[in-house]
Amino acid sequence: MAVAMIEFVEQYPECAERSLAVGHLTGSAWIVDGARRQTLLTHHRKLDKWLQLGGHADGDLDLPRVAFREAEEESGLTGLRLVDGELFDVDRHLIPARKNEPEHWHYDLRFVVEADPREPLVISDESHDLAWIDVERMADFNAEESMMRMARKTVDSSE
């Protein structure tokens, strides 16, 4: 997966632009509580599934900043903390065609962001819902390998 991402970035100088029809870079926040037992998921409106928060880079190659910005915008949380800015996970996933948008790839760089589950959430227009879930219950919400991989990494790091 990392090789495909490197090849994509090398081939397309405009890789962070949403207008690149074949695909583009995205930044995601894997939001966890301080104990790393819970993660915040969004029930994504367009994709109709539970996912980590994140979105388009819109030309910004500072992907930790993109992930943090998207986390704030999609959750309403104000007490977020980017854990270390280190890359936590990478994924490439196909986004289905809809309306004026052709099928395309998201090359997703993911970063760990810490938040307090007691802080009130604000559901954005991009979501049906937001929910803190136990990381060990990820399969009950989204059993795709991409999500399970992040859950396993989180459990492994907290032990």
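This write-up is about the structure you can find in this document.

Next up on the list: the overall build of the chain. Along the chain, the regular secondary structure elements total four helices and seven strands. Put simply, the chain runs from its N terminus to its C terminus through helices and strands in the order α-β-β-β-β-α-β-β-β-α-α. Here the chain has a C-alpha radius of gyration of 15 Å; the compact-globule value for 159 residues is 15 Å, and the two agree. Taking all 159 residues of the chain together, the buried fraction comes to 46%. Contacts in the chain between residues at least 24 apart in sequence constitute 66% of all its contacts with a sequence separation of at least 6. As presented, the chain carries roughly 8400 Å² of accessible surface, and 50% of it is formed by carbon and sulfur atoms. Charge separation in the chain, taken as the distance between the mean sites of 18 positive and 33 negative side-chain charges, equals 2 Å.

Moving on: the pairing of strand β1 (residues 23-32). Within β1, ten of the ten residues are buried, which leaves it mostly tucked inside the rest of the structure. Side chains G23, L25, G27, A29 and I31 of β1 all project onto a buried face; the interleaved residues H24, T26, S28, W30 and V32 project onto the opposite face, where all are buried too. As judged from the ten bridges shared by β1 and strand β6 (residues 104-114), these two strands associate in the parallel manner. Bridge pairing in β6 links V32 to E114. One ladder, built from four bridges, connects β1 with strand β4 (residues 53-56); its direction is antiparallel. When the sheet's bridge partners are listed, G27 is paired in β4 with G55.

So, on to the pattern of salt bridges. Counted according to the given criterion, the structure contains 18 salt bridges. Across the pair R65 and D62 runs a salt bridge whose closest N-O atoms are separated by 3.7 Å. Residue D62 is classed as partly exposed on the basis of its relative accessible area, which comes to 32%. We note a salt bridge from R69 to E73, for which the minimum N-O separation is 4.0 Å. Here the residue R69 and the residue E73 both occupy positions in helix α2 (residues 63-75), the gap between them amounting to four residues, near one helical turn. Through salt bridges with shared partners, a single ionic network connects D60, D62, R65, R69, E70 and E73.

Each value, and the rule that gives it
Residues numbered from 1 in each chain as written. Predicted model: local features only at pLDDT ≥ 70, side-chain atom pairs only at ≥ 80, totals over all residues. Heavy atoms only, no water. Helix = DSSP H or I, 4+ residues; strand = E, 2+ residues; numbered from the N terminus. Rg over C-alpha atoms; globule rule 2.2 N^0.38 Å. Buried < 20%, exposed > 50% of the residue type's maximum accessible area, 1.4 Å probe, protein only. Contact = heavy atoms within 4.5 Å. Areas by Shrake-Rupley, 256 points an atom, 1.4 Å probe, with all protein chains shown as cover. Lys, Arg positive; Asp, Glu negative; His and termini not counted. Charge placed at Lys NZ, Arg CZ, Asp CG, Glu CD. Pairing = 2+ DSSP bridges. Salt bridge = Lys/Arg side-chain N within 4 Å of Asp/Glu carboxyl O.

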